[in-house]
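If you want the building blocks of each chain, they are given just below.
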Amino acid sequence: MRTSPSILSLFFLASKWSTTAATTPMILSNPQGRTTDTPFPFDPGFPIQMVIATALNISTHSWEFGTATEALLELYNPELSVFGDSPFEAAQLLSSESNLPQALAYAAEKIVIGTGANALQNGDGAVGDPASLGVGAVLLGKISGYEQYGAAATEEFEYVTQGAPRAWNGAISHRAYYVETWADFVYMAPPFLAYYAVDTSNITLLQEAVFQCQAYQQILHYNATSPNGTFDGLWEHILGPVDNVDPGLWSTGNAWAAAGMARVLATVIKAPPFTEGNDSESADITQWRGTAITTLTTLIKEVIDGAIAAGPDAYDGGLIRNYYGDSTIFGETSGSSMMAATVYRMAVLRPTVFATKKYIHWAEGIRKVLG
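Everything in this summary refers to the structure shown in the same document. The numbers attached to residues start from 1 for each chain and follow its sequence in the written order. Only residues with pLDDT of at least 70 are given local features in this predicted model, and only at 80 or more are side-chain atom pairs given and counted; all residues enter the totals for whole chains, interfaces and linings. Only heavy atoms go into the side-chain values, all of them from the structure, while hydrogens and water stay out.

**Describing the pattern of salt bridges**
So the rule is basically this: When a carboxyl oxygen of Asp or Glu lies within 4 Å of a side-chain nitrogen of Lys or Arg, that pair is called a salt bridge. Segments assigned H or I by DSSP are reported as helices when at least four residues long, segments assigned E as strands when at least two residues long, and all are numbered from the N terminus. Burial classes follow relative accessibility: with a 1.4 Å probe on protein chains only, a residue under 20% of its type's maximum area counts as buried, one over 50% as exposed, and anything between as partly exposed.
Enumeration over the complete set of coordinates arrives at nine salt bridges. The shortest N-O distance in the salt bridge between Arg-166 and Glu-208 comes to 2.8 Å. Within this pair, whereas Arg-166 is found in the loop between α8 (147–163) and β1 (181–182), its partner Glu-208 is found in helix α11 (residues 203–220), the two being separated by 42 residues in sequence. Residue class for Glu-208 comes out buried when judged on its relative accessible area of 18%. Residues participating in the shared-partner salt-bridge network are Lys-301, Asp-305 and Lys-358.

See the structure below:
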């Protein structure tokens, strides 16, 4: 199991503030999209700077570096995050930056340029983990003097899509030396592939990123029931041929999956038109984009609905237990905060589905426990 409560709680903060800003008459950015106000406009009820410091201090692995980079991006430079209003337009302004944004300074410090699976960091045998640094590498590559990070992102993309083993249905393995699917992978790799796809105007790669979410759901989806609720829609954690498989319904694994798919969804929604020799996107691509948005929304909704419907035994003190289905295990902050964060993000991305009492009330319940 891999979990970092400090890092995942940062996503909760960023997403909650995003939802509040979307429904509150406050100006948090200037017309050029650069943040002019404090990155912490609201009080969550605990010391944010201490959480950030702890998250950065305890990070030692590639997936932690990548996750922390994304958290810093969403907190300090939300205009560059795919949850920003025009993230790809904002990214084009980076070439004129004289100082690195905080998230990218952190990424530049943690990326160790290599080859193959380890093009961005030592992944300890993982395919997806180094890819979690991919968005940071792409953004760094746009800045004069940091072009080598963009080249490393290309190497990472090429390995993940062409060199990594795949499962029977085309799902890219989370492990480099044998096929193994982890729910965690969906947060680490598909968001990078989607972002790289838009940055390079590669619609085929964007379609691959969405497909990976579908392929992982096909393998890891669980549909058994419990005495007090249903687990339908939730995902198993790890499936594969070796001894470290974990078919349990790990709460943080489900949160990784939901949050990762939300990032892919945001990328599909925010991507500028894909044009080929004219000023308009083809009807086929526009139709695919609409279908992808619906598909990803459904996949995310299934996971969140599974968390909500799991029944009272799945919760401990208002937090999701570490594993759904084990009423003896503790409630934990990581999966709870990230799942709630995904609800807030989806309430902005897909308000007709998620900006409802059912979802907001559930997320607010977790917020009150955490804050």
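More follows now that the structure is in view.
**Some points on empty space enclosed by the protein**
Filter applied, for reference: Using protein atoms alone on a 1 Å grid, points that fit a 1.4 Å probe yet trap it form a cavity, whereas open point sets bounded by protein on both sides within 12 Å along at least five of seven lines form a pocket; residues with an atom within 4 Å of a point count as lining. Grid points are joined across faces, edges and corners, and a volume is the space filled by probe spheres set on the points. Throughout, the ten residues Ala, Val, Leu, Ile, Met, Phe, Trp, Tyr, Cys and Pro are labelled nonpolar, Asp, Glu, Lys and Arg are labelled charged, and all others, Gly among them, are labelled polar.
Evaluation of the coordinates by the stated rule reveals three cavities of 30 Å³ or more. Of the pockets and cavities examined, the second largest cavity occupies roughly 60 Å³. Lining the second largest cavity we find Glu-70, Leu-73, Leu-80, Ser-81, Val-82, Val-135, Pro-191, Tyr-195, Arg-263 and Thr-267. Going through the elements one at a time, α3 (62–76), α10 (190–199) and α12 (251–270) are the ones with two or more residues in the lining of the second largest cavity. When the residues that make up the lining of the second largest cavity are grouped by side-chain class, the tally is six nonpolar, two polar and two charged.

**Section: helix α13 (residues 283–309)**
Spelled out, the test is: A helix is expected to reach a length of 1.5 Å times the quantity of its residues less one.
Between the first and last C-alpha of α13 there are 38 Å, a value that for 27 residues agrees with the 39 Å anticipated at 1.5 Å per step. After α13 finishes, the residue Gly-311 shows a positive phi value of roughly 95°.

**Side note on the environment of Gly-170**
We count it as follows: It only takes one pair of heavy atoms within 4.5 Å for two residues to be counted as in contact.
Take Gly-170: it is sitting in the loop between α8 and β1. Each C-alpha atom, one on Gly-170 and one on Gln-214, is 10.0 Å from the other, the two residues being 44 residues apart in sequence. Apart from the residues within four sequence positions on either side, Gly-170 is in contact with Phe-211 and Gln-212.

**Some remarks on the packing of aromatic side chains**
Aromatic ring pairs are described here by two measures, namely the spacing of the ring centres and the angle between the planes. Operational definition: Pairs were defined over the aromatic rings of Phe, Tyr and Trp, the Trp ring being its six-membered one, requiring ring centres within 6.5 Å. Orientation was assigned from the angle between planes: stacked under 30 degrees, edge-to-face over 60, tilted for the rest. By the criterion adopted, a ring carries a charge over it if an Arg CZ or a Lys NZ lies within 6 Å of its centre and within 35 degrees of its normal.
Under the criterion given, the structure shown has eight aromatic pairs. Ring plane angle 90° and centroid distance 6.0 Å describe the contact between Trp-63 and Trp-256, whose orientation is recorded as edge-to-face. Here Trp-256 lies in helix α12 and Trp-63 lies in helix α3, a separation of 193 residues in the sequence. With relative accessibility at 0%, the residue Trp-256 sits in the buried group. Between Phe-185 and Tyr-216, the ring centres sit 4.7 Å apart and the planes meet at 5°, which makes this aromatic pair stacked. Remark: Tyr-216 occurs in helix α11 and Phe-185 occurs in helix α9 (residues 185–188); sequence separation between them is 31 residues. A single burial state applies to Phe-185 and to Tyr-216, both of which are buried. The positively charged end of Arg-263 is found above the aromatic ring belonging to Tyr-187, 4.7 Å away from the centroid. The residue whose ring lies beneath Arg-345 is Phe-83, and the NZ or CZ to ring-centre distance is 4.1 Å.

**With respect to the side chain of Glu-364**
Note the following rule: Pairs of N or O atoms within 3.5 Å make up the polar contacts considered here, provided that, within protein, one atom can donate a hydrogen while the other can accept it, and that residues adjacent in sequence are counted only when both atoms are side-chain atoms.
Take Glu-364: it is sitting in helix α16 (residues 357–370). Judged by its relative accessible area of 18%, Glu-364 falls in the buried class. Within the structure, Glu-364 has its side chain in polar contact with the side chain of Tyr-344 (distance 2.5 Å).

**Topic: the environment of Val-343**
As for its position among the elements, Val-343 is in helix α14 (residues 333–349). Here Val-343 falls in the buried class, since its relative accessible area comes to 0%. The sequence separation of Val-343 and Tyr-359 amounts to 16 residues, and the corresponding C-alpha distance is 6.6 Å. Excluding its chain neighbours within four sequence positions, the residues that come into contact with Val-343 are Ile-304, Tyr-359, Ile-360, Trp-362 and Ala-363.

**Brief notes about α11**
Counted at 1.5 Å a residue, the expected span for α11 with its 18 residues is 26 Å, and the 26 Å between its end C-alpha atoms agrees. Within α11, 13 of the 18 residues are buried, leaving the element largely enclosed by the surrounding structure. One side-chain oxygen of the residue at the start of α11 lies 3.2 Å from the amide nitrogen of Thr-204, identifying that residue as Asn-202.

**What about the packing of α14 against α16?**
Under the convention used in this document: Every axis corresponds to a line fitted to the C-alpha atoms, with the helix fit spanning only the stretch in contact, and the corresponding angles, defined between N-to-C directions, vary from 0 to 180 degrees. Angles are sorted into four bins: roughly parallel if under 35 degrees, roughly antiparallel if over 145, roughly perpendicular if 65 to 115, and oblique for all others. Two helices crossing with the near one rotated counterclockwise from the far one by less than a right angle form a left-handed crossing, whereas a clockwise rotation gives a right-handed crossing.
As a packed pair, α14 and α16 sit with axes 9 Å apart at the nearest point and diverge in direction by 140°. Here α16 runs oblique to α14, going by the angle between their axes. Read as a crossing pair, α14 and α16 show a hand that is left-handed. Across the interface between the two elements, Thr-333, Ser-336, Ser-337, Met-339, Ala-340, Val-343, Tyr-344 and Ala-347 of α14 pack against Tyr-359, Ile-360, Trp-362, Ala-363, Glu-364, Ile-366, Arg-367 and Leu-370 of α16.

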